[in-house]
Every structure is written in structure tokens, then in C-alpha cells.
Amino acid sequence: MSFVVGERVRVSDRAHRGHHRTPAYLKGKTGVVERAHDSFTNPETRAYGDSGLPKQTCYLVAFEQCDVWPSYSGRPRDRIYVDVFRHWLEEAT
Amino acid sequence: MSDHEHDHPHSPVTFGGEPPAAARVRALEELLVEKGVITNEDVRRGIDWLVSRSPSDGARLVARAWVDAEFKARLLENARAAALELGLDSGPSPVVVALENTEDVHHLVVCTLCSCYPRALLGPPPDWYKSLPYRSRAVSDPRGVLDEFGVELDEDVEVRVVDSTADMRYLVVPRRPAGTESLSEDELAALVSRDSMIGVALPETPAVASSR
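Residues numbered from 1 in each chain as written. Chains lettered and ligands numbered in written order. Predicted model: local features only at pLDDT ≥ 70, side-chain atom pairs only at ≥ 80, totals over all residues.

Participant: Summarise the overall build of chain A; cite the residues concerned and give the values.
Facilitator: Counting its regular elements, chain A contains two helices and five strands. When the helices and strands of chain A are read in sequence order from the N terminus, they spell out β-β-α-β-α-β-β. Over its C-alpha trace chain A gives a radius of gyration of 14 Å, about what one expects of a compact globule, namely 12 Å for 93 residues. Its C-alpha atoms put chain A at 45 × 25 × 20 Å along the principal axes. (Helix = DSSP H or I, 4+ residues; strand = E, 2+ residues; numbered from the N terminus. Rg over C-alpha atoms; globule rule 2.2 N^0.38 Å.)

Below you can see the structure in the form of C-alpha cells.
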């Protein structure tokens, strides 16, 4: 499955033991795909001596700050952009 | 656990006088050299290259973007290709992405997981960039952080924090200060600080720069 720019996606809320690049503060949050980057080796397996293959597409995803931090005190339009690997993203309705 | 008494638990900070991570890296390096994968000379040259990079490289890109709209478009589209036009090679990996600050949008870059930074174009990151307070607060309270850095933004500017968590590195192209129409590209580059390319400062104005 791949995603297109503008598509709404949800960050998987699963736990993961060991190295991974998905920030805890994003798990379960819904955002919008801003860019589809290239594909990269998977740091979750590469960190432990594996090849990191298959490569995973990395997406820049935009989240509303107010969704991410319930007590966010900035402006309502402020956003946070985070690179998230494809296997951490789900379709959002 | 630590061998000293205080209010939080953590792993030993040192191991025989050497931090564990440093010991591991040294062991790996020795092994790679022993197996002929790399040489000590390769390591030395790699370190030399990294520490020889400086924010003046990034500043050259920004200044060129300010004076040449087509170059700016190419920089935002493909930062490495644009940098190569100026003889600067950011390398194939990690991929550098340039983000433009505008009247309406201000970007602030952080790496919450560690210290990801466009070293190839800015040199080594400042210590505060790697500190826990910056990494945690930049994402959750960017306006508070900007305020502490002395950045005043217009009320309706959207703050976009970019958390560099994976294989991409972000470089902010700050807004060109007013009153710089008559400056040369080199003079403009001198106004572009490292911090303005991280997003925690605005470029200097000509008056401030000349009073230094």
C-alpha cells in the first residue's frame, strides 16, 4: 500500500520493542501526507545487523499541533511535520 | 544502574573511563580496519570533511536563493542538485530538503530522537540542538522556544515544526531581511546565521551585522 500527497493517514498505535523512528507522541494521531520521500532501509531491522530490506517509503506527514498536544498553547493553525515510514501508517477515514 | 545516589535511574555513564558508545564505536572501527573494509586514513578523512563543513556553505545557498528566484525554485525542488551548482556536495545520503520561510509560514527544525542535522551543509550541530530541553520543547511549545531565542513573529504566521526522524535532513531558507536590496550576494550570505537556517533566529539586518 502506498499513500498520495493530501491523503489522510493515521500513525499506528502499536508498541514496538527495540529501535524505531516513530515518535511516541505521534502514535494513534491522524495527519495529512505532505510529501512522499524516497524509500530507505528499515532502521528497525538494520539496527540489529539485518539488511533492512525491503526498503520502506518515507512520508513527510503534517499534523495539527492541537491534535498532537491537547494543551497546545500556540495558534490553531500551527502544525508539526514528521517523517514516518510507510509501515507505521494506516489509512484514515 | 548508576553507582551514585540521585533521583533518576540510568545506565552507567562511563565504562572504564570511556562511554559505552565510544567503546563500541572504537571496537567496530578496529574490527573494520582489521578486516580491510576501511582504513584508518578513510576514518580520518571522513572526520576531517565533516568538521570542515560550516554554516557558511548553507549561507551561500540561501544568499543565492535570495538573489535568483529560479535557483531558489531548484533549491526547494532538489537541494543537493542546487548545492552542486555552487560546488557544494551534500552527498546522496542523508537527503537534504530545503524549506522556505515566507510571510505566512515559519519553519523550525528539530530531531526529537537524536541529533539529525544537515551536517554536510551546516557543519556539526550546536550542543543545544542535541539537548533534551530543546528536543522536547521544540515540538510541543515551538512558540515558547522561539520567544526564548528572541524571535518575534507576526501574530498570524503559521509555525511549522519539522521533526527530522529518519533519512531526511532539513535546511530552512529564511526570509530576506528588508533593506538589503543593494547588498551583494556575499554581503547577503554574511547575514545568514546558522541559527536562521535551523529556524530559531531570523537573518541579521545589515545594521546589526555592521555593528558587530
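Following the structure, the description resumes.
Participant: Describe the nonpolar core, with residues and values.
Facilitator: All names here are of chain B. In terms of nonpolar packing, the biggest core is built from 63 residues, with Val-62 and Val-161 touching the most fellow members. For this core, the element with the most residues is helix H3 (residues 55-67), which contributes six residues. Non-local contacts of Val-62, meaning those with residues more than four positions away in its chain, are made with Val-173, Pro-174, Val-192 and Met-197. (Core = buried A, V, L, I, M, F, W, Y, C linked by C-beta atoms within 7 Å. Buried ≥ 20, exposed ≤ 12 C-beta atoms within 10 Å, placed from the backbone. Contact = placed C-beta atoms within 7 Å.)

Participant: Could you give an account of unusual backbone geometry, with specific residues and numbers?
Facilitator: With an omega dihedral of 0°, the bond running from A:Leu53 to A:Pro54 counts as a cis peptide bond. Along the polypeptide, A:Pro54 turns up in the loop between helix H1 (43-46) and strand S3 (56-64). The omega torsion of the bond from B:Ser93 to B:Pro94 falls at -5°, within 30 degrees of zero and hence cis. Its location among the elements puts B:Pro94 in the loop between helix H5 (79-85) and strand S1 (95-100).

Participant: Just give me the short version of the domain arrangement of chain B, but keep the residues and values in it.
Facilitator: When the domains of chain B are assigned, the result is domain 1 (20-50) and domain 2 (54-211). Between the C-alpha centres of domain 1 of chain B and domain 2 of chain B the distance comes to 31 Å. (Domains from an automatic or database assignment.)

Participant: Would you mind going over the interface of chain A and chain B in detail, with residue names and values included?
Facilitator: Taken residue by residue, the interface counts 19 residues in chain A and 19 residues in chain B. Listing elements by their share of the side of chain A that touches chain B, those giving two or more residues are strand S2 (30-40) and strand S4 (79-85) of chain A. A class-by-class count of the residues in the side of chain A that touches chain B yields nine nonpolar, three polar and seven charged. Pairing of S4(A) with strand S3 (residues 158-163) of chain B involves four bridges; the strand directions are parallel. Within S3(B), the position partnered with A:Val82 by the bridge is B:Asp163. (Nonpolar A, V, L, I, M, F, W, Y, C, P; charged D, E, K, R; others polar. Pairing = 2+ DSSP bridges.)

Participant: So what's going on with H3(B)? Residues and values would help.
Facilitator: Since one α-helical turn is 3.6 residues long, residues separated by three or four positions face the same way. All names here are of chain B. For H3, with 13 residues, the first-to-last C-alpha span of 19 Å sits near the 18 Å given by 1.5 Å per residue. Counting buried positions over the 13 residues of H3 gives 11, a clear majority of the element. Among the residues of H3, Pro-55, Asp-57, Gly-58, Ala-59, Arg-60, Leu-61, Val-62, Ala-63, Arg-64, Ala-65 and Trp-66 are the ones counted as buried. On its buried side, H3 packs onto helix H4 (69-77), H5, helix H6 (119-122), strand S4 (168-173), helix H10 (185-189) and helix H11 (194-198). (Expected span 1.5 Å × (residues − 1).)

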